[in-house]
Each structure stands twice: as structure tokens, then as C-alpha cells.
Amino acid sequence: MSKRDDRMRDLLVAAFKPVRLEILDESRKHASHAARSGLEAGETHYRVLMVSPALAGLSRVARSRAVHEALAAEFTTGLHALSLILRTPEEVQD
């Protein structure tokens, strides 16, 4: 796990107390894109799956905004893109 992964995990756990949290670094798939954008390779693109009761009552857009706000400091240090799947525990039950 990278240092950014660790920081993102800490920030998301503190803000949302998730019951499930998966963070996948997909930067290698976007290495040429990062270079074209003037970013250093690695730790720029992530996929996040988070299941948290704290997301209840929030729209899809509000959930995304809340996650972006929690990770705001990471965006200032090279985080470029997030793919988000954000659910409540009730939304993932069969």
C-alpha cells in the first residue's frame, strides 16, 4: 500500500466510519495521462468503494462532494482522479 493509500484510508475512516472500504491505486493505467497533465507518475488515480452509514440521506452528488471534501488535501498534492462507489449498508444488502 502506498503512502497516499494510507492517508486516504485514515481520512475516510475518520470522516465516515465505513463498514467497508476498498482503495485501489489505478495510476498505472493512467501513467501517460498523468504525464500529459504535468503530474508525476503514480498515486494519481484511485478507485474507492466505501460502505458507510454516514452516507444515509445524501444524494449521489452530495456523497461524492463529501468524499472530495474529506480528501481535499490529497488533491493539492497530486491526487488527480477518483472513481467512487459510495453506498450505505442497507444499499448493499441482498
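Residues numbered from 1 in each chain as written. Predicted model: local features only at pLDDT ≥ 70, side-chain atom pairs only at ≥ 80, totals over all residues. Heavy atoms only, no water.

1. A word on the sheet that holds strand β3 (residues 81-87)
Next up, step 1: The sheet built from three strands is open, its strands ordered β1-β2-β3 with mixed pairing. Of all the strands in the sheet, just β1 (20-25) and β3 have a single pairing partner and so form its edges. Each strand axis lies, on average, 10 degrees off the axis of its neighbour in the sheet, ignoring direction.
Next up, step 2: As paired elements, β1 and strand β2 (residues 45-51) share six bridges and run antiparallel to each other. (Pairing = 2+ DSSP bridges. Helix = DSSP H or I, 4+ residues; strand = E, 2+ residues; numbered from the N terminus. Axes fitted to C-alpha atoms, helices over the stretch in contact; angles between N-to-C directions.)

2. A closer look at the environment of Glu-91
Next up, step 1: By the secondary structure assignment, Glu-91 is in helix α5 (residues 89-92).
Next up, step 2: Classification of Glu-91 as partly exposed rests on a relative accessible area of 43%.
Next up, step 3: Residues Glu-91 and Ser-52, spaced 39 residues apart in sequence, show a C-alpha to C-alpha distance of 10.0 Å.
Next up, step 4: Residues in contact with Glu-91, not counting those within four places in the same chain, are Arg-63 and Leu-86.
Next up, step 5: A polar contact is formed between the side chain of Glu-91 and the side chain of Arg-63, at a distance of 2.9 Å.
Next up, step 6: Within the structure, the side chain of Glu-91 is placed 2.8 Å from the backbone nitrogen of Thr-88, a separation counted as a polar contact. (Buried < 20%, exposed > 50% of the residue type's maximum accessible area, 1.4 Å probe, protein only. Contact = heavy atoms within 4.5 Å. Polar contact = N/O pair within 3.5 Å; in protein donor to acceptor, adjacent residues only side chain to side chain.)

3. Some points on unusual backbone geometry
Next up, step 1: Phi at Lys-17 takes a positive value of approximately 45 degrees, unusual for a residue other than glycine.
Next up, step 2: Structurally, the position occupied by Lys-17 is in the loop between α1 (3-16) and β1.

4. Examining the confidence of the model for the protein chain
Next up, step 1: Per-residue pLDDT for the protein chain has a mean of 87; in total, 82% of the residues score no lower than 70.
Next up, step 2: For the protein chain, the element scoring lowest by mean pLDDT is helix α2 (residues 31-36), at 51; helix α3 (residues 60-70) scores highest, at 98. (pLDDT = per-residue confidence, 0-100.)

5. A look at α1
Next up, step 1: Helix length check: α1, at 14 residues, gives a terminal C-alpha distance of 20 Å against a target of 20 Å (1.5 Å per residue), a fit within 8%.
Next up, step 2: Those residues of α1 lying buried are Arg-4, Asp-5, Met-8, Leu-12 and Phe-16. The buried residues of α1 occupy one face: seen down the axis, they fall within an arc of 100 degrees. Set apart from the buried face of α1 by more than 90 degrees, the exposed residues are Lys-3, Asp-10 and Ala-14.
Next up, step 3: Check the buried side of α1 and you find it contacts β1, β2, α3, α4 (72-75) and β3.
Next up, step 4: Positive phi shows up at Lys-17, right after α1, with a value of about 45 degrees. (Expected span 1.5 Å × (residues − 1). Arc of directions from axis to C-beta.)

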